[in-house]
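Listed below, chain by chain, are the residues.
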Amino acid sequence: MQDYVKHYSDIVEQFAGSRGESIELLLIGGLAMGVYGIPRHTVDIDAEITCSDDVYYELTDYLRQKGVAFNLSGDISGWGIIPLPSGYRERAHTVSESGLLVLKTLDPVDFVFSKLRRGTGEDFNDAVEVIRTFDIDEQALQERIKLVHFPKDPETLFFKKKYRHLLDLIGKK
């Protein structure tokens, strides 16, 4: 695990310890990249959080006081019009359990789809790095896309265009 991942997880674990309540974070973004062994600079915590409502609001205040940027939500699939593939929580991997903090990451294939939802240049770079690191093939991506419940929305067409672009990028391995 990269040092910056440990830095952020230590802050959250310190808070959890002070409250005596457990917190589970399903990491996405740069912290997940660090857990995957692919270092990438990040300045925030992007994660799905499981905890009580009181702990959530107190943690967000605590992180602000510490100067830590964050995007924490009870449902990362709702961060965009295109949801993550159904079952992503069940496929998530526990990467650390210490004290009152459990850290998880998305299954690498689900992580790729999380990156396509926003689809910036950095997101495509992250997706390609994860595909290469975990040797994800096109068939695995095709199987997982079947688990995405696409809305009847123009964003679906844009997502599918990003998906085709990603396939073009990995075809150049």
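Residues numbered from 1 in each chain as written. Predicted model: local features only at pLDDT ≥ 70, side-chain atom pairs only at ≥ 80, totals over all residues. Heavy atoms only, no water.

**Q** Looking at this structure, I do not really get the environment of Y163. What am I missing?
**A** Secondary-structure assignment places Y163 in helix α8 (residues 154-170). Along the backbone, Y163 and D44 are 119 residues apart, and their C-alpha atoms lie at a distance of 26 Å. When sequence neighbours within four positions are dropped, the list of residues in contact with Y163 reads F113, L116, L141, Q142 and I145. (Helix = DSSP H or I, 4+ residues; strand = E, 2+ residues; numbered from the N terminus. Contact = heavy atoms within 4.5 Å.)

**Q** How do you make sense of helix α1 (residues 3-19) when you look at a structure like this?
**A** An α-helical segment advances 3.6 residues per turn. Residues three or four places apart therefore align on the same side. The end-to-end C-alpha distance of α1, which contains 17 residues, comes to 24 Å, matching closely the 24 Å that a straight helix rising 1.5 Å per residue would cover. Taken as a whole, α1 has its buried residues at V5, Y8, S9, I11, V12, F15 and A16. Projection of α1 onto a plane perpendicular to its axis shows the buried side chains occupying an angular sector of 145 degrees, all on one side. α1 presents D3 and S18 as exposed residues on the side facing more than 90 degrees away from its buried surface. Looking at the buried residues of α1, the elements they touch are β1 (23-28), α2 (29-35), β2 (44-50), α3 (53-65) and β5 (101-105). Immediately beyond the C-terminal end of α1, within one or two residues, lies G20, with a positive phi of roughly 70 degrees. (Expected span 1.5 Å × (residues − 1). Buried < 20%, exposed > 50% of the residue type's maximum accessible area, 1.4 Å probe, protein only. Arc of directions from axis to C-beta.)

**Q** Quick question: what am I supposed to make of the pairing of β2 here?
**A** Moving residue by residue along a regular strand, the side chains alternate between the two faces of the sheet. Across the 7 residues that make up β2, a large majority, 6, are buried. For β2 and strand β3 (residues 69-73), the ladder comprises 5 bridges, and the chain directions are parallel. Paired with A47 across the two strands is L72, which belongs to β3. Tracing the backbone out of β2, into α3 and back to the parallel element β3 gives a crossover that is right-handed. (Pairing = 2+ DSSP bridges. Right-handed = clockwise from strand over helix to strand, strands pointing away.)

**Q** Looking at this structure, how should I read the pattern of salt bridges?
**A** Proximity of charged atoms lets side chains of opposite charge pair with each other. For the structure on display, the rule yields 18 salt bridges. Here R19 and E58 are joined by a salt bridge, their closest N and O atoms 2.0 Å apart. Here R19 is found in helix α1, whereas its partner E58 is found in helix α3, with 39 residues between them in sequence. K162 is the salt-bridge partner of E155, the closest N and O atoms lying 3.8 Å from each other. (Salt bridge = Lys/Arg side-chain N within 4 Å of Asp/Glu carboxyl O.)

**Q** Please explain the sheet that holds β1 as it appears in this structure.
**A** By way of backbone hydrogen bonds, the strands of a sheet pair with one another, either parallel or antiparallel. The 5 strands are arranged β3-β2-β1-β5-β4 in an open sheet whose pairing can be described as mixed. Edge positions in the sheet fall to β3 and β4 (93-98), since each has one partner strand and no second. Averaged over all neighbouring strand pairs, the angle between strand axes comes to 30 degrees, with direction disregarded. Relative to β5, β4 runs antiparallel, the two being bridged by 5 bridges. Directly across from S98, in β5, lies its bridge partner L101. Packed onto the sheet, α3 meets β1, β2 and β3 and runs at close to 170 degrees relative to β3. (Axes fitted to C-alpha atoms, helices over the stretch in contact; angles between N-to-C directions.)

On their own, these measurements won't tell you what the molecule is for.
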